[in-house]
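Spelled out from the first residue to the last, the chains are:
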Amino acid sequence: MKTVLISGAGIAGSALAYWLRQHGFAPTVVEHASGPRSGGQAVDIRGAALDVVERMGLLDGARANRTRMRGMSVLDGDGKEIHRSTETTFSSGRLDSDDIELLREDLVRILHERASSKAEFVFGDSVTALDQDEDGIRVAFEHSRPRTFDLVVGADGLYSAVRRLAFGPEEQFARHLGMHLAIFSADNFLALEDWQLWLRDGEAGYGIYPVRDNSELRITFGFAAEPLFAGQRDAEQQKKLVARRMAALRWETPRLLKAMRNAPDFYFDAMMQIRMDRWSQGRVVLLGDAAYCASPLSGQGTSLALVGAYVLADALGRAAGDHLTAFASYEGRMRSFVELNQALATENPGGPAAEASVERAKNAIALDG
């Protein structure tokens, strides 16, 4: 039984672990965090990704955890409503769609529960070195003893350690999209009931929506800027930066900034895409954001991760141990699907054309191809 190390226990990594086991591989998942990660925004399962989730037997579970939005309001800088809709929201699209919006932490939990009996999971550790030859790939870890695997998959996100070790610095592949986002949770002090609020004034704005039966809020601050804080991961400094950028906004901004300062799950980053000519190097292959991050602005990162995991595992299963053939098949099947979905963040014009672009992109792959 061929052994596969997967770096990253998020959506892509956990889904891949499940599918690899279904194809007769022995997957091990290593994750830097101490357990499945919590926090984050609502994410969407769309198009072909719905078929993947259904084939995993998780469609009902995903639907049971979906958000229950009735609509949204768009506000001006003073908090006055200038538009409302009960047909669509900015976070999930059309409310009458079959697509599923749920919190990222809920999807990660659901996938981990399904995959944990199929794979070995090692939390609180990370990959530090890779040394491959014709017989396998020796992996060094931050804490554990070195181990040798047949294959290594980097499913460790935008700042992938596996990508850096196998392909080089992220600066070669990262494309900045001119936006920064901060995401955090707070008590529902606005008393929202299944209703989203979106405010924008100039180059900054935010979205607010309730979760957990309206007991909590998820808040997303966004502002336009060139790349900031290169290599900076200090949350307190990031909070100060966001507060400066958002300070000119009015309405409930002071209370939102106060909630941000106290948030235990604060996340901040530049909106970037990863563009690579190839996703594999010998016995190493990349998956999800590590290979082809589309950014939250696309709304398709989760679907790319789920579909990519299915296609990669399927290619490995069909190739009868020939990983070079499998990796080439995976890239060949995924490349146009990735490009269409990345374009949603960079070329999408908005309005009816945007809706048509999403419909085309989310279904632009055949799982049984």
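Cut-offs used in this document
- Residues numbered from 1 in each chain as written.
- Predicted model: local features only at pLDDT ≥ 70, side-chain atom pairs only at ≥ 80, totals over all residues.
- Heavy atoms only, no water.
- Phe/Tyr/Trp six-rings, centres within 6.5 Å; stacked < 30°, edge-to-face > 60°.
- Buried < 20%, exposed > 50% of the residue type's maximum accessible area, 1.4 Å probe, protein only.
- Lys NZ or Arg CZ within 6 Å of the ring centre and 35° of its normal.
- Axes fitted to C-alpha atoms, helices over the stretch in contact; angles between N-to-C directions.
- Helix = DSSP H or I, 4+ residues; strand = E, 2+ residues; numbered from the N terminus.
- Parallel < 35°, antiparallel > 145°, perpendicular 65-115°, else oblique.
- Left-handed = near helix turned anticlockwise from the far one by under 90°.
- Contact = heavy atoms within 4.5 Å.
- Salt bridge = Lys/Arg side-chain N within 4 Å of Asp/Glu carboxyl O.

**Q** Tell me about the packing of aromatic side chains, and name the residues and values.
**A** Here the structure, examined in full by the defined rule, presents 9 aromatic pairs. Relative to W19, the ring of Y18 has its centre 5.0 Å away and its plane inclined at 80 degrees; by these criteria the two rings are edge-to-face. W19 shares its class with Y18; the two are buried. An aromatic cluster is built from Y18, W19 and Y310, whose rings are joined through pairwise contacts. Its guanidinium or amino end placed over the ring of W279, R335 lies 4.1 Å from that ring's centre, counting from NZ or CZ.

**Q** Any chance you could break down the packing of helix α1 (residues 11-22) against helix α9 (residues 301-318) for me, citing the residues and the numbers?
**A** It is at 8 Å that the axes of α1 and α9 come closest, and there the two elements cross at 30 degrees. Between α1 and α9, the interaxial angle falls into the category roughly parallel. Here α1 runs over α9; the crossing is right-handed. Listed contacts from α9 to I11, A12, A15, L16, W19 and L20 of α1 are T302, A305, L306, A309, Y310, L312, A313 and L316.

**Q** So what's going on with the pattern of salt bridges? Residues and values would help.
**A** According to the stated counting rule, one finds 22 salt bridges in the structure shown. In this structure, the salt-bridge partner of R212 is D106, at a minimum N-O distance of 2.7 Å. Taken together, the residues span a long stretch of sequence, with R212 in the loop between β16 (204-211) and β17 (216-224) and D106 in helix α4 (residues 104-115) at a distance of 106 residues. Judged by relative accessible area, R212 falls into the partly exposed class, the value being 31%. Its salt-bridge partner being K239, residue E236 comes within 3.8 Å of it at the nearest N-O pair. Here E236 pairs with K239, and both are found in helix α6 (residues 235-246), just 3 residues apart, close to one helical turn. E236 sits in the partly exposed class, given a relative accessible area of 46%.

The analysis is restricted to geometry; functional conclusions fall outside its scope.
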